[in-house]
Each structure stands twice: as structure tokens, then as C-alpha cells.
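# Architecture and fold: a report
For reference, the chains in residue letters:
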Amino acid sequence: ELKVEQNPLFLSMQEGKNYTIYCNYSTTSDRLYWYRQDPGKSLESLFVLLSNGAVKQEGRLMASLDTKARLSTLHITAAVHDLSATYFCAFDSGGSNYKLTFGKGTLLTVNP
Amino acid sequence: NAGVTQTPKFQVLKTGQSMTLQCAQDMNHEYMSWYRQDPGMGLRLIHYSVGAGITDQGEVPNGYNVSRSTTEDFPLRLLSAAPSQTSVYFCASRPMRTGELFFGEGSRLTVL
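Residues numbered from 1 in each chain as written. Chains lettered and ligands numbered in written order. Predicted model: local features only at pLDDT ≥ 70, side-chain atom pairs only at ≥ 80, totals over all residues. Heavy atoms only, no water.

## Some words on the interface of chain A and chain B
Each partner contributes to the interface: chain A provides 18 residues, whereas chain B provides 22 residues. Interface area for chain A against chain B, summed over the two sides, is near 1,700 Å², with a carbon-plus-sulfur share of 55%. Residue A:Asp92 pairs with B:Arg94 through a salt bridge whose shortest N-O separation is 2.7 Å. Counting only elements with at least two residues in the side of chain A that touches chain B, the list comes to strand S4 (32-37), strand S5 (43-49), strand S9 (85-92) and strand S10 (100-102) of chain A. Considering only residue class, the side of chain A that touches chain B consists of 8 nonpolar, 5 polar and 5 charged. (Contact = heavy atoms within 4.5 Å. Buried area = accessible area lost by both parts, 1.4 Å probe. Salt bridge = Lys/Arg side-chain N within 4 Å of Asp/Glu carboxyl O. Helix = DSSP H or I, 4+ residues; strand = E, 2+ residues; numbered from the N terminus. Nonpolar A, V, L, I, M, F, W, Y, C, P; charged D, E, K, R; others polar.)

## Digging into the confidence of the model for chain B
Summary statistics for chain B give a mean pLDDT of 94 and a share of 97% for residues scoring 70 or more. The secondary-structure element of chain B with the lowest mean pLDDT is strand S5 (residues 42-51) of chain B, recorded at 93, while strand S3 (residues 19-25) of chain B shows the highest, at 98. (pLDDT = per-residue confidence, 0-100.)

## Focus on the pairing of strand S3 (residues 19-25) of chain A
Residue and element names in this part refer to chain A. In this structure, strand S1 (residues 4-7) lies alongside S3, joined through 4 bridges in antiparallel fashion. The residue of S3 that forms the bridge with glutamine 6 is cysteine 23. Bridge analysis of S3 against strand S8 (residues 71-76) gives 6 bridges, and the strand direction is antiparallel. Residue pairing across strands places asparagine 24 opposite leucine 71, the latter belonging to S8. (Pairing = 2+ DSSP bridges.)

## Here's the deal with the sheet that holds S3(B)
All names here are of chain B. With respect to topology, 4 strands assemble into an open sheet ordered S1-S3-S8-S7, the strand pairing being antiparallel. Both outer strands of the open sheet, strand S1 (4-7) and strand S7 (64-66), are each paired with one neighbouring strand and no more. This sheet shows a mean twist of 20° between the axes of neighbouring strands, independent of strand direction. Here S1 runs beside S3; their pairing, made up of 4 bridges, is antiparallel. Residue pairing in the sheet places glutamine 6 in a bridge with cysteine 23 of S3. (Axes fitted to C-alpha atoms, helices over the stretch in contact; angles between N-to-C directions.)

## Describing the nonpolar core
With 24 residues, the main nonpolar core has A:Leu32, A:Trp34, A:Leu74, A:Ile76, A:Tyr87 and A:Leu108 as its most contacted residues. Of all the secondary-structure elements, those providing two or more residues to this core are strand S2 (10-14), S3, S4, S5, strand S7 (61-66), S8, S9 and strand S11 (106-111) of chain A. Top contributing element to this core by residue count: S9(A), with 4 residues. Core analysis: the second largest hydrophobic core is formed by 20 residues, A:Leu43, B:Tyr31, B:Tyr35 and B:Met96 among them. (Core = buried A, V, L, I, M, F, W, Y, C linked by side-chain atoms within 4.5 Å. Buried < 20%, exposed > 50% of the residue type's maximum accessible area, 1.4 Å probe, protein only.)

## Quick look at the packing of aromatic side chains
The final tally for this structure, using the stated rule, is 10 aromatic pairs over all chains. Between A:Phe102 and B:Phe103, the ring centres sit 6.1 Å apart and the planes meet at 75°, which makes this aromatic pair edge-to-face. Taken as a pair, A:Phe102 in strand S10 and B:Phe103 in strand S10 (residues 102-103) lie in two separate chains rather than in one. Of the two residues, A:Phe102 and B:Phe103, both sit in the buried class. Centre to centre, the rings of B:Phe90 and B:Phe103 are 6.1 Å apart; their planes meet at 85°, and the pair counts as edge-to-face. (Phe/Tyr/Trp six-rings, centres within 6.5 Å; stacked < 30°, edge-to-face > 60°.)

## Focus: the side chain of A:Thr106
Residue and element names in this part refer to chain A. Looking at the element boundaries, threonine 106 is found in strand S11. Judged by its relative accessible area of 0%, threonine 106 is buried. Here the side chain of threonine 106 touches glutamine 6 through a polar contact of 3.0 Å, side chain to side chain. Sequence-distant contacts of threonine 106, that is, excluding residues within four places in its chain, are made with Gln6, Pro8, Leu9, Leu11, Ile21, Ala85, Thr86 and Tyr87. (Polar contact = N/O pair within 3.5 Å; in protein donor to acceptor, adjacent residues only side chain to side chain.)

## Here's the deal with the state of the cysteines
In total, this model carries 2 disulfides over all chains according to the counting rule given. Between the sulfur of A:Cys23 and that of A:Cys89 lies a disulfide, 2.0 Å long from S to S. On the sign convention where negative means left-handed, the S-S torsion of about 80° between A:Cys23 and A:Cys89 marks this disulfide as right-handed. Here A:Cys23, found in strand S3, pairs with A:Cys89, found in strand S9; they are 66 residues apart in sequence, far enough to count as distant. Taken as a pair, A:Cys23 and A:Cys89 share a single burial class, namely buried. A sulfur-sulfur distance of 1.9 Å marks the disulfide that ties B:Cys23 to B:Cys91. Looking along the S-S bond of the B:Cys23-B:Cys91 disulfide, the torsion reads about -70°, which is the left-handed sense. (Disulfide = S-S within 2.5 Å.)

Okay, here's the thing in C-alpha cells:
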């Protein structure tokens with residue numbers, strides 16, 4: 001069974017602090033995706049990581065992928081209130097079905 | 001730039017009623033899928049399709065039917081709605097071999 005484990009599931013931060021969200025997945029994959037969802041809204045693509053060692057950055061968010069460890073991280077630098085949202089990782093199981101399996105999401109709240 | 005369009009956005013059904021959630025994409029993506037999102041459960045795959053005339057089951061297919069007669073459309077049918085199907089439903093599409101999923105805005109379904 002394909003599994004994706006995100007932690008933490010809930011994260012309350014103060015503005016200006018740094019933190020990391022972790023995403024472990026259960027089978028070999030070299031394609032990992034991060035999404036953001038605001039309350040009541042759809043999912044917005046943040047990062048696409050397509051190879052081992054891939055690192056991508058956008059503003060205060062940086063995502064990385066270690067396929068050998070089956071681990072992806074989303075690092076938040078100097079958090080601001082606008083980053084408050086739910087963040088999902090998903091991995092591509094490849095093969096002939098191209099399904100994406102999602103983690104349960106991390107609800108991030110950034111407090112002033 | 002319509003992307004992925006879902007209708008309706010909101011629907012209330014009584015137990016036992018049937019309905020169809022519509023999904024259309026204008027990006028010529030081969031792959032289309034339906035997810036349901038429930039609190040604390042992340043996104044779970046219901047059905048997916050890798051091209052016209054080809055569909056397959058995801059993680060939670062029971063109680064739902066799909067068909068794919070064209071590349072653009074991928075409707076989701078609830079044959080006899082149950083309260084357990086109360087959820088937010090997302091349709092998503094992607095290019096076949098690479099790239100992230102593009103999501104519709106979601107359809108919020110309540111079954112009484």
C-alpha cells in the first residue's frame with residue numbers, strides 16, 4: 001500500500017520563526033509535489049521536485065527531495081501571517097497508472 | 001484560461017438521490033481524476049482516467065461511477081447518495097508523464 005506521512009499535522013508558529021515540514025513516502029519515487037490550500041479554496045501547486053537532490057525555493061519556502069531516504073522537506077524561513085494555510089505533499093507512484101498519493105496535510109498557523 | 005472547471009460548486013442531496021458532478025478541462029491533458037477531501041483525511045483518490053475510454057478505480061471507488069467519452073470531460077456519478085458521501089470533491093488533470101495536477105475549484109456536497 002502506498003503511504004505518505006506528513007508531520008507535523010498541526011503547526012503553530014510565531015512570525016519570524018523558522019520551521020520544517022516533513023514528508024515521508026513508502027515506495028520508490030523521484031517525483032514529489034507540494035501544494036498549498038487556503039481555507040475553502042482549491043489546491044495550488046507550489047513545487048515540483050523531479051530528481052534526487054532537487055531543491056526549489058520560492059520566497060520564504062524551500063522544498064527539497066531525498067529519494068534515497070524517501071523524504072521531502074518544506075522549510076519555512078521567517079514565517080509571515082500570509083503563509084497560514086494547509087500544505088500537502090504528494091508523490092507520484094509512477095508505473096502505468098500515474099496516480100498521485102497525498103499526505104494528510106499540515107495546517108500551518110502563523111501568529112503575529 | 002479556464003483550466004479545470006467543476007459544476008456545481010454546492011449541492012445538497014437527500015439520501016438515495018442520484019447526481020452527477022461535472023468536470024471539464026481545456027488543457028488537452030490525458031490524465032483526469034476525482035478526489036474527495038474530508039477533515040483529517042487529506043485527499044483520497046476515487047477514480048481516474050488516463051485517456052478517453054479508459055477509467056480505473058482509486059482508493060475509495062465504492063458508490064461512484066465515472067466515464068470518459070472525450071479528452072475534455074470526466075463526470076462523476078453518485079448512483080444512490082449516502083450521508084458518508086458528504087465531502088468536498090475535487091477534479092484534477094495533468095499531462096500524462098510529468099507535471100503537477102491542476103485542480104478545479106471543488107464541489108461541496110452535503111447528503112442529508
